[in-house]
Structure formats: structure tokens, C-alpha cells
Amino acid sequence: MLTPESYACGQWVAPGETATEIKGPVTGEAIARAGGSALDMQAMLDFARTKGGPALRAMTFHQRAKLLKALATYLDGRKEELYALNPMTGATKRDGWVDIDGGIGTTFVIASKGRREMPDGHVYLDGDVEQLSRNGTLLGQHIAVPLQGVAVHINAFNFPVWGTMEKLAPTLLAGVPAIVKPATQTSYLTEACFRMIIDSGLLPEGAVQLIVGRTGDLLDRLTAQDVVSFTGSADTAAMLRANPKLVENSTRFVAEQDSLNAAILGADATPDSPEFALFVKEAVAEMTTKAGQKCTAMRRLIVPAPQLDAVIEAMSSKLAALTIGDPSDKANRMGALASMGQKADVLEKLAILKKEARVVHGDPDSLPADLASCAFLPPILLACDDPDSAVSVHSVEAFGPVSSLLPYRDTAHAAEIANRGGGSLVASLFTNDPAIAREVTLASAAWHGRLYVMGRASADEATGHGSPLPHMIHGGPGRAGGGEELGGVRGVLHYMQRTAIQGSPDVLTAITGTWIKGATELTGPSHPFQRTFREIQIGETIHTEPRTISLEDIEHFANFTGDTFYAHMDDAAAAANPFFPGRVAHGYLLLSFAAGLFVQPDPGPVLANTGLNSLSFQKPVSPGDSIKVRLTAKRKTQRTEEYGEIAWNATLTNQDGDQVAEYELLTMVSYER
């Protein structure tokens, strides 16, 4: 008998006397006792706010990203322990891969996003600096900083590991502590993963806590600095969202709810096309993976009316070949639903759907007695011949291995049917025609959080309709909850506050850790290219001597590079161009000369020039003009144990002091000499 424990205020808390008995879906026998312990919710919140929050916020984004990578590596090394428990949830090994490896992989990706796309500091910059005054003494900058509260994660039963990690990774990267509340039915698998997180010793005290069982009055105690992130049914989300304290405090509520996702077989797809085969393959997979218990599963299969019978035949053939049974047996391709209660709910919803649709494959009464007495169901395929007059097909979700086929007349009709789901997490389109993809996108994108367009060109590297990737947002409008998760850094920002900062260039530089033009320039004791990453200070600047650009320079560069564009070689033609007064220097000639002006050629800590960003030319340079460079250390980012990246603001001005070009130069610089 498993006894998953809560983890509160740094202590493991065993189930109490009123613990819930969990019956296994495969055998129907009791497998665990969970919850029932008396947890002090205010103490848990205080522990997170006073211990976990300050410790996480003291770290930079990159330090937190490195922590997440180390945590994912640790979990990956112990994942077989999680796989050992996985069959008890009713899930097959393949289902477990989606959940367990999916959760670990998501953590790796979020860690990578943090290192690559967020600053090595405490403040995230949102957009460019805004000049709010004529002379640039008052500037504006949008920033994002961690909320100073707690993230409460309320997760669903179907993905006990992925559901935990896909919320936890962005939250910790943001610098916010979390209290995780898994669904009781599969809480023992979440607890096993959570126990590994604690065992790793990687997270600071108070960064994470776990509630197995009921949350009590936890939501009543949340504030404007807290966040609730919920995954589950629309009814439960509506109930939680209406909590008076959450409403009063405008507490953030992120919801990812049930969703009647659609899949459209394009009008160009015939039974002998790759797109037809791809549609059938994915539709069968979505019906049977996790026994159809996926928020992203294809519930409505929208097909051209002339192809309806062919789709029924193709899907029925594949579904009939599927073996159903004990998920610990590798021969079985589909396991059980999560519980007998879940099975009863699916059968109840199926009865409603059957009033508008006919069963074309699958019979709940066809299973052997040993399976029928437990939480098993066969895949059930329905066909609704009149989707326009149907109501339940577009509003009732049987959260199990049940999908409905809906015939359509033309592409506009297909998009209209897809939109009748009232908002979904994902809709897919199987087509080889980009024009059809565009038509469906323009007609339907507003109703779906993600559009998955699949055809022969992408098939070999396809990730699948039902796979939420950490790079892309997971959420959707309307019935899907109106929220978003994941999406790379976008998912991190849900746990941060966007604030508009206004002040002088020096003030903004101090706040953001990034040099802002107009801020104080520092003079180092030697050329910055002879100084280590740690020695160079933000704002450290050199001003070069000028160099005159001659006509001979321009012609030599043109002949040497082969860039003989008329603006550089034909005075009359150049003068006729509204941008130029006559022959002008190449932009890349100016960059080359600029490098020659500020470079220090001797060996030193600078290892490599790795690129430049945001290059722009403001004013042409004519023969006889001169240029000089101001080079300022703008931003520092640690990259490895040996070196870091320094971004330099490079500004080129002419003999009159007018700016002619600007860019950001990137160099890798050693920590040691």
C-alpha cells in the first residue's frame, strides 16, 4: 500500500486518519492512501514567502537556469523509478514516456531558454528603451521582475509528472516558490518525482512544497503577489476562479481546461495521399494514448464528406488491431482509464453524444469480463452526419478514448465546425496545400491556442498534434480556459510583474544592469580587450582616433570584395539616388575600418568576435569624411566555466559629430588572463 506524503515547511507529512483510499484502475484493488493530514496553509505560504522566495530572487536568471538543468539531469538519472510506478496509473510504457520523459525534457528546454534568452541578472528587459524627452535625459523601459508571492499549482490526474514539471520549471526560472497540488488519484507518482526533487538538494529551502489531498483554505489566503495555475475541468476552474479572495485581490489565475480539440482533413487529401495516412495515424494515436485522457486529444475529426466512409474504414481497421489490457504487459498498446469514476464519467458523456452521433467502431460491452469490471474501455469512434444541427458534439467532452467524425462541405465549413468547440488548446490541419492552410488559419486561429499544420513535407520530423512543446504556448481561448503556459520565456513571464521604469540613463543602467546610451561612461586602466570578463565594468568606454575615408579606399574595397554597386562607383548615378549626395563608402567598409580603430591586436582575454546585432546606418559617408568610434561595454553574460559574453555598444560618428552607424558587437572573453 503506497502512502504518498505531503511536504510542508521543510517536513514530510504522512497521510492522516481521514486519508482517501485510492483504487487501482487495472485491478480495482486499493493501492494507496493519500491526504487527510492537517496542514497549516498559512504556515506553508509564510515558509515559501520568507524562505523560498528571497533565496530564489537572490539568484540571477542564469543561476536559476543552471539549477533547472541540474535538476532535470538528476531526474533523468532516476526516471526508471518513476516508470516502475507508471502502470499503476493505468498508463502503458509509451504513455509513461509522454509523461515522464516529457516532463524532464520540458525542464531541460526551459533551462536552455533561460540561459539563451534571458539576461544574466535579476531584471528582464521587455522591449527597447523609449526616449521620453527631447534631449534623452528622461527615458522609459519596460522590465519584468519576480512576483514576491507564491505560485499554487493545481494539477490534473492524467500527467502526474509532466503536469508538475511544465508548471514548476517556468515558475522557478522566474524566481517564485511553488506549492504543488496534484490530483489525488495519481498523487503517488507525483510524490515520487517530488521526493526526488527534494533528495537532489539542489533547490533552496522553501522553493517547493507539496500538498497531497485537499487544499483547505489555501486559496482564501492568497494575495495580489500570488498566482494560481490550474489544469482540469472547466467546471472546477470556474468554481476556483470565483473564489471571493482571488477576485478581491486580483490574484492571477491561469487556467488550462478541457478542450474539444479539432482535427481537419484537408479537402486536397484523398485516400491514397500521405496526408490521409497521416490523419488516420494521428487520430488513432490521439484516441488511444493515455486511453484518450489528454487535454490535447482530438475529440472532433472533421473530414470532407466524400471521404467519410474511407476514414471510418481506415480508422476502424487500425483501432481493431489494437490490444487493450494490463499496461505493464508490453504487448498491450492501450491501458486503463485512471479510475472507475473516470470510466463512469466517460460512459455518461458517451450516452449524450450517441443522441447525435452513431457508433461506427467500438463497443464498451465487448471487453472480456476481467477488463470490463475494471477501468478499461475500448476506443469508440462516432460519426455525426449533421454537424451543423448538432449541439452536444461541440459541447460535451468524453475524456477518454472517444472521438467523433464530422463531415464538411468545403474549407470554410470545416473551419466553422472547428470553431464551434468554443475555444480549444489545439486544432490540426492535414493538407499539402498552403492555400488551404492560410484559409483555415485566418478563419480559425482566433479560436485555438495552437494550430498544427501537417503534411508530407513535415511528416518525418513531426512532433504530433497532441504534444505540447515547451517552446510553444499551451493554452487557448474560451472553453480552453483563456490562459497560456509554456511558450519559452512567455511562460516565465506569467510569474513576473511587468513594470514601466522611467528615469535618467544612469538610473535605468543601474536598475537593468545594461548600459543605456547617455549613461556615465567609465575609463578603464587599460584597453578593455586586455582586461578579463570579471575586470571589465558595465559602461567602460574607449573613444578612438578618427580615420579619413578616401576615394581610393572605396574603390579598393569595391574591387577587392566585388561590391561595385553604383552608389560606390558612379557619382552621377549615386547623386540621382535620393539617399546619397554622390559616391559614398560601403557600409561594410565602415565596419571594417571601425574594427581597425578599436581593436587591440595583442593576445589577451578576448577569445573571439562572435557576431553583431541591430546594425543600422544613419548617414552616408562621402570621400573625404572621417569616422571615429565610441565602444562601450553594454552587457555581460556568463556562458561557461571559462568565459563569458560581453556585448558592446559601437557608435560611429563623422567629423561633425553626427552618428553614421550603430551596432552591438559580441565578444567572448576569458575569466582569467
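One can find the structure itself at the top, above this paragraph.
What counts, and where the lines are drawn
- All residue numbers here refer to positions counted from 1 along the written sequence of the relevant chain.
- A pLDDT threshold of at least 70 governs which residues receive local features in this predicted model, and a stricter bar of 80 or more applies before side-chain atom pairs are shown or counted, although totals over entire chains, interfaces and linings include all residues.
- The side-chain numbers reported here are obtained from all heavy atoms of the structure, hydrogens and water having been left aside.
- For the purposes of this entry, the term helix denotes a DSSP run of H or I that reaches at least four residues, the term strand denotes a run of E that reaches at least two, and both are numbered from the N terminus.
- What a helix should span is 1.5 Å times the count of its residues minus one.
- Here's how the labels work: a residue is buried when its accessible area is under 20% of the maximum for its type, exposed when over 50%, partly exposed in between, all with a 1.4 Å probe on protein chains only.
- Only strands joined by at least two bridges in the DSSP assignment are considered to pair.
- Here an axis means a line fitted to C-alpha atoms, over the contact stretch when the element is a helix, while the angle between two N-to-C directions is reported on a 0 to 180 degree scale.
- With respect to orientation, any angle under 35 degrees is reported as roughly parallel, any angle over 145 as roughly antiparallel, any angle of 65 to 115 as roughly perpendicular, and every other angle as oblique.
- By convention the crossing between two helices is left-handed if the near helix lies anticlockwise of the far one by an angle smaller than a right angle, and right-handed if it lies clockwise.
- Contacts were defined at the residue level, with two residues in contact if any of their heavy atoms lie within 4.5 Å.
- Think of it as three bins: nonpolar holds Ala, Val, Leu, Ile, Met, Phe, Trp, Tyr, Cys and Pro, charged holds Asp, Glu, Lys and Arg, and polar takes everything else, Gly as well.
- We call a set of buried Ala, Val, Leu, Ile, Met, Phe, Trp, Tyr and Cys residues a nonpolar core when their side-chain atoms join them within 4.5 Å.
- Handedness is read with the strands pointing away from the viewer; a crossover is right-handed when the path from the first strand over the helix to the second is clockwise.
- In this analysis, rings of Phe, Tyr and Trp, with Trp reduced to its six-membered ring, are considered paired at centre separations within 6.5 Å, and the interplanar angle assigns stacked below 30 degrees, edge-to-face beyond 60, and tilted for intermediate values.
- Criterion for a charge above a ring: Arg CZ or Lys NZ at most 6 Å from the ring centre, at most 35 degrees from the ring normal.
- What makes a salt bridge here is a side-chain nitrogen of Lys or Arg within 4 Å of a carboxyl oxygen of Asp or Glu, nothing more.
- The term polar contact refers here to a pair of N or O atoms within 3.5 Å; inside protein, the definition further demands a hydrogen-donor-capable atom paired with an acceptor-capable atom, and it admits residues adjacent in sequence only when both atoms are side-chain atoms.

Peer 1: Run through helix H6 (residues 187-200), naming residues and quoting values.
Peer 2: The end-to-end C-alpha distance of H6 is 20 Å, a good match for the 20 Å that 14 residues give at a rise of 1.5 Å each. A large share of H6 lies buried, amounting to 11 of its 14 residues. Regarding H6, the residues found buried are Ser187, Tyr188, Leu189, Thr190, Glu191, Ala192, Cys193, Phe194, Met196, Ile197 and Ser200. Looking one or two residues beyond H6, the residue adopting positive phi is Gly201, at roughly 70°.

Peer 1: If you had to explain the pairing of strand E16 (residues 380-383) to someone new, which residues and values would you point to?
Peer 2: Two faces, one strand: in a regular strand the side chains alternate between the faces of the sheet. The alternating pattern of E16 places Ile380 and Leu382 on one face and Leu381 and Ala383 on the opposite face, and all of these are buried. One ladder, built from 3 bridges, connects strand E15 (residues 358-361) with E16; its direction is antiparallel. Counterpart to His361 in the pairing with E16 is Leu381. Examined bridge by bridge, E16 and strand E17 (residues 402-408) share 4 bridges and lie parallel to one another. Each bridged residue has a counterpart across the sheet, and for Leu382 the counterpart in E17 is Ser404.

Peer 1: An account of the packing of helix H2 (residues 61-77) against H6 is needed here, citing residue identities and associated values.
Peer 2: At their nearest, the axes of H2 and H6 sit 10 Å apart, and the two run at 120° to each other. As judged from the angle between their axes, H2 and H6 are oblique. Our pair here, H2 against H6, has a crossing hand that is right-handed. From H2, Leu71, Tyr74 and Leu75 reach across to H6, where they touch Cys193, Met196, Ile197, Asp199 and Ser200. A breakdown of the residues in the contact of H2 with H6 according to their chemical character gives 6 nonpolar, 1 polar and 1 charged.

Peer 1: Quick one: what's the story with the nonpolar core, residue by residue and with numbers?
Peer 2: Counting 57 residues, the largest nonpolar core has Leu75, Leu82, Met165, Leu168, Leu172 and Ile197 as the members making the most contacts within it. Every residue in contact with Leu82, bar those within four places of it in the chain, is listed here: Ile100, Val161, Leu189, Ala192, Cys193 and Met196. Counting 37 residues, the second-largest nonpolar core is a separate cluster that includes Ala390, Val402, Ala414 and Leu429.

Peer 1: Before we move on, could you go through the pairing of strand E13 (residues 261-265) and cite the residues and values that matter?
Peer 2: The buried fraction of E13 is high, at 5 of 5 residues. Here E13 shows no split at all, with Asn261, Ala263 and Leu265 on one side and Ala262 and Ile264 on the other all buried. One ladder, built from 4 bridges, connects E13 with strand E14 (residues 298-304); its direction is parallel. Pairing of Ala263 across the sheet is with Leu301, part of E14. In this view, the connection linking E13 to its parallel neighbour E14 by way of helix H9 (residues 274-288) has right-handed handedness. Note that E13 and strand E18 (residues 427-430) share 4 bridges and pair parallel. Its bridge partner lying in E18, Leu265 is registered against Phe430.

Peer 1: If you had to explain the sheet that holds E14 to someone new, which residues and values would you point to?
Peer 2: If you trace the 7 strands from one edge of the open sheet to the other, you get E15-E16-E17-E14-E13-E18-E19, paired in mixed fashion. Either end of the sheet is taken by a strand with one partner, and the two such strands are E15 and strand E19 (451-454). The sheet shows a mean angle of 25° between the axes of neighbouring strands, direction not considered. Relative to the sheet, helix H13 (residues 411-419) contacts E13, E14 and E17, its axis offset from that of E17 by approximately 145°.

Peer 1: Any details on the side chain of Thr509? Residues and values, ideally.
Peer 2: Relative to the assigned elements, Thr509 resides in helix H16 (residues 505-512). Note on Thr509: relative accessible area 15%, which makes it buried. In contact with Thr509, other than residues within four places in its own chain, are Thr514, Trp515, Ile516, Ala519 and Ile538.

Peer 1: Quick one: what's the story with the packing of aromatic side chains, residue by residue and with numbers?
Peer 2: According to the stated counting rule, one finds 11 aromatic pairs in the structure shown. Note on Trp12 and Phe194: the rings are 6.4 Å apart at their centroids and 90° apart in plane angle, and the pair reads as edge-to-face. Pair noted here: Trp12 is in strand E2 (residues 11-13) and Phe194 is in helix H6, with a separation of 182 residues, a long-range link. In this structure Trp12 comes out as partly exposed when scored by relative accessible area, which is 25%. Taking relative accessible area as the criterion, Phe194 reaches 0% and is therefore assigned buried. Ring centres of Phe529 and Phe598 lie 6.1 Å apart, and the angle between their planes is 80°; this geometry places the pair in the edge-to-face category. Here the residue Phe529 occupies a position in the loop between H16 and strand E23 (541-543), and Phe598 occupies one in helix H20 (residues 587-598), the gap between them amounting to 69 residues. Exposure remark for Phe598: the relative accessible area of 5% places this residue in the buried category. A cation sits over an aromatic face here: Lys93 above Tyr83, 5.0 Å from the ring centre. The positively charged end of Lys290 is found above the aromatic ring belonging to Phe159, 5.0 Å away from the centroid.

Peer 1: Any details on the environment of Asn249? Residues and values, ideally.
Peer 2: Within the secondary structure layout, Asn249 lies in the loop between helix H8 (244-248) and strand E12 (252-257). By relative accessible area, Asn249 is classed as partly exposed at 24%. Apart from residues lying up to four places away in sequence, Asn249 is in contact with Leu222, Thr223 and Ala224.

Peer 1: Pulling in residues and values, what's your account of the environment of Leu45?
Peer 2: Along the chain, the position of Leu45 falls in helix H1 (residues 41-58). Overall, Leu45 belongs to the buried group, its relative accessible area being 0%. Distance in space between the C-alpha atoms of Leu45 and Leu442 is 45 Å, their sequence separation being 397 residues.

Peer 1: Give me the lowdown on the pattern of salt bridges, citing residues and values where you can.
Peer 2: Counting across every chain of the model gives 30 salt bridges. For the salt bridge of Arg630 with Glu521, the shortest nitrogen-to-oxygen distance reads 3.6 Å. Of this pair, Arg630 sits in strand E26 (residues 626-638) while Glu521 sits in the loop between H16 and E23, placing them 109 residues apart in sequence. Overall, the relative accessible area of 17% leaves Arg630 in the buried class. Residue Glu521 is classed as partly exposed on the basis of its relative accessible area, which comes to 33%. Ionic pairing is found between Glu664 and Lys634, a salt bridge with its closest N-O pair at 3.0 Å. Within this pair, whereas Glu664 is found in strand E28 (residues 659-670), its partner Lys634 is found in strand E26, the two being separated by 30 residues in sequence. Judged by relative accessible area, which is 8%, Glu664 ranks as buried. Taking the relative accessible area as the measure of exposure, Lys634 reaches 22% and is therefore partly exposed. Here the residues in one salt-bridge network are Glu5, Glu191 and Arg195, joined through shared partners.

Peer 1: Before we move on, could you go through the side chain of His153 and cite the residues and values that matter?
Peer 2: When you line up the elements, His153 lands in strand E8 (residues 151-154). Overall, the relative accessible area of 0% leaves His153 in the buried class. A distance of 3.1 Å separates polar atoms of two side chains, one belonging to His153 and the other to Thr171. Other than its neighbours up to four places away in sequence, His153 contacts Lys167, Leu168, Thr171, Ala178, Ile179, Val180, Lys181, Ser229 and Tyr495.

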